Amino acid sequence: MADISIPGRNKGFGVTMRTDNWRTAPFAVFLGLMAFSGYIAWAAFQGEYYWWSGGTTGFGGYLSPLYSPLIYIDQTAAGSAPAWHAWIGGPWPSWWPSILPASPAFLILAFPGAFRLTCYYYRKAYYRAFAATPPACAVGGIPQKPFKGETGLLIFQNLHRYALYFALIFVVILSYDAVLSFFNDGQFGVGVGSIVLLINPILIGAYTFGCHSFRHLVGGKMDCMSCSMGRYKTWKKVSLLNSRHQLFAWLSLFWVSFADFYVRMVSAGYIKDLNTWGL
Ligand code: FES
């Protein structure tokens, strides 16, 4: 990509003619991303209390979305899921580095993590809030070499379209977990946790299906929109979600953390889940 020269770009950090409070947004983003990424990292390191169910053999239960899908399970951990729920099961693999806790979250979090890290909205957010390049529109940023696009060090950002394919699979998996949460040891019912885990894939789906890459996938490269009304209608719906992408990025990030917190609190016995199973 050719160098792009922006007049006044390197006039000094914070130099601007803006009179509004432009500092609020990057500061709020900084605090929000620190808080949620900190919580998610903490939860991943726990390796326990990510599952709750009244029984151990029947279908159903609450699974933290930060641990889903389960590949391996360490069944000696408190609050761990039954082996039938894991793709491979237990015992925990012997090749696992002893420096890390035996946490199923470590086996899967790279996929949603890569999707969010390379998301077009989050890039804007953390480039501004963490790197101040620039901190806001029409505000001088930290002086840097001429902008060369996302090449060199940042070339990995181009992997976003591939991260999307994995994210779409996660929407299906988390939807299955939502169905699972309406059963407990084979009995259909409803609990507060069922509602929490149902809202989660709805918000993550709204975020994922509003992705810029997904919008391109369904409507890109079309010279004649009216030639394929199905794709055109899908593209319009995706565009609607896309226009609220920032909103769903934050709502889904908040809710996936909250859903983990809720399952963790119920599993550890700190709060009692209100439900129709009488548990
Ligand atoms: S652009 Fe944000 S998820 Fe793809």
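The rules behind each value
Residues numbered from 1 in each chain as written. Predicted model: local features only at pLDDT ≥ 70, side-chain atom pairs only at ≥ 80, totals over all residues. Helix = DSSP H or I, 4+ residues; strand = E, 2+ residues; numbered from the N terminus. Buried ≥ 20, exposed ≤ 12 C-beta atoms within 10 Å, placed from the backbone. Expected span 1.5 Å × (residues − 1). Arc of directions from axis to C-beta. Contact = placed C-beta atoms within 7 Å. Axes fitted to C-alpha atoms, helices over the stretch in contact; angles between N-to-C directions. Left-handed = near helix turned anticlockwise from the far one by under 90°. Nonpolar A, V, L, I, M, F, W, Y, C, P; charged D, E, K, R; others polar. Parallel < 35°, antiparallel > 145°, perpendicular 65-115°, else oblique. Core = buried A, V, L, I, M, F, W, Y, C linked by C-beta atoms within 7 Å.

S.K.: Looking at this model, I keep getting lost on the overall build of the chain. Mind explaining?
M.R.: Scanning the chain from terminus to terminus reveals eight helices and four strands. Order of helices (α) and strands (β) in the chain, N terminus to C terminus: α-β-β-α-α-α-β-β-α-α-α-α. With respect to the three principal axes, the spread of C-alpha positions in the chain is 65 × 50 × 40 Å.

S.K.: What am I meant to see in unusual backbone geometry here?
M.R.: Peptide bonds are trans in most cases, and residues, glycine excluded, mostly fall at negative phi. Across the junction of Ser68 and Pro69, the peptide omega takes the value 5°, indicating a cis bond. With respect to the secondary-structure elements, Pro69 resides in the loop between strand E2 (62-63) and helix H2 (110-117). Of note, the amide linkage connecting Thr133 to Pro134 takes the cis form, showing an omega dihedral of -5°. Within the element layout of this structure, Pro134 appears in the loop between helix H3 (120-131) and helix H4 (160-180). Its identity as a non-glycine residue notwithstanding, Asp185 has a phi of 50°, on the positive side. Examined against the element boundaries, Asp185 turns out to sit in the loop between strand E3 (183-184) and strand E4 (187-188). Overall, the presence of 16 C-beta atoms within 10 Å leaves Asp185 in the partly exposed class.

S.K.: Would you mind showing me how to read H4 here?
M.R.: Structural remark: α-helix, 3.6 residues per turn; residues separated by three or four positions point the same way. The terminal C-alpha atoms of H4, which comprises 21 residues, lie 30 Å apart, in line with the 30 Å expected from a rise of 1.5 Å per residue. Considered for burial, the residues of H4 that qualify are His160, Ala163, Leu164, Ala167, Phe170, Leu174, Asp177 and Ala178. Across the axial projection of H4, the buried residues extend over an arc of 125°, all falling on one side. Looking at H4, the residues exposed on the side facing more than 90 degrees away from the buried face are Ile169 and Val172. Where H4 is buried, its residues contact E2, H2, helix H5 (192-208) and helix H6 (212-219).

S.K.: Just to check I follow, could you spell out the packing of helix H1 (residues 24-46) against helix H8 (residues 245-267) for this structure?
M.R.: As a packed pair, H1 and H8 sit with axes 10 Å apart at the nearest point and diverge in direction by 35°. The two elements H1 and H8 meet at a crossing, and its hand is left-handed. Between H1 and H8, the contacting residues are Phe36, Tyr39, Ile40 and Ala43 on the first element and Leu253, Ser257, Asp260 and Arg264 on the second. Here the contact of H1 with H8 is built from residues that sort into five nonpolar, one polar and two charged.

S.K.: Whenever I open this one, the packing of H6 against helix H7 (residues 229-243) confuses me. Can you help?
M.R.: Two numbers describe a pair of packed helices, the interaxial angle and the distance between the axes. Across the interface, H6 lies against H7 with an axial gap of 9 Å and an inter-helix angle of 165°. With respect to H7, the axis of H6 lies roughly antiparallel. In the crossing of H6 with H7, the sense of the turn from one axis to the other is left-handed. Touching His212, Phe214, Arg215, Val218 and Gly219 of H6 are Arg231, Thr234, Trp235, Val238, Ser239 and Asn242, all from H7. Grouping the amino acids of the contact of H6 with H7 by side-chain chemistry returns four nonpolar, five polar and two charged.

S.K.: Whenever I open this one, the nonpolar core confuses me. Can you help?
M.R.: A general trend in soluble globular proteins is that nonpolar side chains are found buried together. In terms of nonpolar packing, the biggest core is built from 45 residues, with Tyr62, Leu63, Leu66, Ala259 and Val263 touching the most fellow members. Top element by residues in this core is H8. It accounts for nine residues. Beyond its immediate sequence surroundings of up to four residues, Val263 is in contact with Tyr50, Trp52, Tyr62, Leu63, Ser64 and Gly193.

S.K.: What should I look at first to understand the environment of Ala114 in this one?
M.R.: As for its position among the elements, Ala114 is in helix H2. For Ala114, a count of 18 C-beta atoms within 10 Å corresponds to the partly exposed category. Along the primary structure Ala114 and Trp84 are separated by 30 residues, whereas in three dimensions their C-alpha atoms are 28 Å apart. Apart from the residues within four sequence positions on either side, Ala114 is in contact with Leu159 and Ala163.

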